[in-house]
Amino acid sequence: MTDTKRVVLSSDHAAIDLRQTLAAHIAQAGWEVVDIGPTTPESTHYPLHGKAAAERVASGDCTLGILLCGTGQGIMMAANKVPGIRCGVCSDTFSARMIRQHNNANMLSIGARVIGEGQAIDIVDAFLKAEFEGGRHATRVDMIEE
Ligand code: RB5
């Protein structure tokens, strides 16, 4: 476990450029960034990268995680198979804020073929700045975990 605010990022080949842009932005915002790649453009398998990043969050090594693939959907599905992971795909800032505030999401997934860079940056900011509200929402998140 760590007290450091540390964000892990990963993607498949469809989102390398956007992932690296987001990694630089998140570092500039003061978070410690763990970008686990990939870095080369060959076609790869999003479940591998979603699982690897999700395990960093589930273990406590990283506080939150950001995933990307073409749609954001496949890598989100893979991450959510790791116990303790709550990952949502977002294409808007309202959802990105709410999945933290109400669902205590610990991972965000973005579709690099769905939205542009500016929107992706705003979504990441909304996700990272929001905090879980607890209360009745904690009861519901506990039900998900059960
Ligand atoms: C890769 O072509 C594409 O299928 C992948 O990036 C993602 O969109 C899957 O959900």
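Read on for a plain summary of the structure.

### A closer look at the overall build of the protein
Part 1 of the argument: Of the regular secondary structure elements, the protein holds six helices and five strands.
Part 2 of the argument: Secondary structure elements in the protein, listed N-terminal to C-terminal, are β-α-β-α-β-α-β-α-β-α-α.
Part 3 of the argument: In terms of overall dimensions, the protein is globule-like: its C-alpha atoms have a radius of gyration of 14 Å, near the 15 Å expected for 146 residues.
Part 4 of the argument: Based on the C-alpha atoms only, the size of the protein along its principal axes is roughly 45 × 30 × 25 Å.
Part 5 of the argument: A sequence separation of at least 24 residues applies to 68% of the contacts in the protein between residues at least 6 apart.

### Details of unusual backbone geometry
Excluding glycine, residues mostly carry a negative phi; peptide bonds, for their part, are mostly trans.
Part 1 of the argument: In the segment running from Gly 37 into Pro 38, the intervening peptide bond is cis, with an omega of 10 degrees.
Part 2 of the argument: Residue position: Pro 38 is located in the loop between β2 (32-35) and α2 (46-58).
Part 3 of the argument: Although it is not a glycine, Asn 104 sits at a positive phi angle of roughly 50 degrees.
Part 4 of the argument: Mapped onto the elements, Asn 104 comes out in the loop between α4 (93-101) and β5 (107-111).

### Considerations on the site of the ligand
Part 1 of the argument: Near the ligand you find Asp 12, His 13, Ala 14, Tyr 46, Cys 69, Gly 70, Thr 71, Gly 74 and Arg 113, and these make up its full shell.
Part 2 of the argument: For the ligand, an oxygen atom lies 3.0 Å from a polar atom in the backbone of Thr 71.
Part 3 of the argument: For the shell around the ligand, the residue count by class is three nonpolar, four polar and two charged.

### Examining the packing of α4 against helix α5 (residues 117-129)
Part 1 of the argument: Between α4 and α5, whose axes approach to 8 Å, the crossing angle comes to 25 degrees. By the angle class used here, α4 and α5 are roughly parallel. Seen along the crossing, α4 lies across α5 with a hand that is right-handed. Across from Thr 93, Ala 96, Arg 97, Ile 99 and Arg 100 in α4, the residues of α5 making contact are Gln 119, Asp 122, Ile 123, Ala 126 and Phe 127.
Part 2 of the argument: Residues belonging to the contact of α4 with α5 are distributed by class as follows: five nonpolar, two polar and three charged.

### Quick look at the pairing of β2
Part 1 of the argument: With four bridges joining them, strand β1 (residues 6-11) and β2 adopt parallel strand pairing. By the bridge assignment, Arg 6 is partnered in β2 with Glu 32.
Part 2 of the argument: Of the crossover connections in this fold, the one passing from β1 over helix α1 (residues 16-28) to the parallel β2 is right-handed.

Conventions used here
- Residues numbered from 1 in each chain as written.
- Predicted model: local features only at pLDDT ≥ 70, side-chain atom pairs only at ≥ 80, totals over all residues.
- Heavy atoms only, no water.
- Helix = DSSP H or I, 4+ residues; strand = E, 2+ residues; numbered from the N terminus.
- Rg over C-alpha atoms; globule rule 2.2 N^0.38 Å.
- Contact = heavy atoms within 4.5 Å.
- Near = heavy atom within 4 Å.
- Polar contact = N/O pair within 3.5 Å; in protein donor to acceptor, adjacent residues only side chain to side chain.
- Nonpolar A, V, L, I, M, F, W, Y, C, P; charged D, E, K, R; others polar.
- Axes fitted to C-alpha atoms, helices over the stretch in contact; angles between N-to-C directions.
- Parallel < 35°, antiparallel > 145°, perpendicular 65-115°, else oblique.
- Left-handed = near helix turned anticlockwise from the far one by under 90°.
- Pairing = 2+ DSSP bridges.
- Right-handed = clockwise from strand over helix to strand, strands pointing away.

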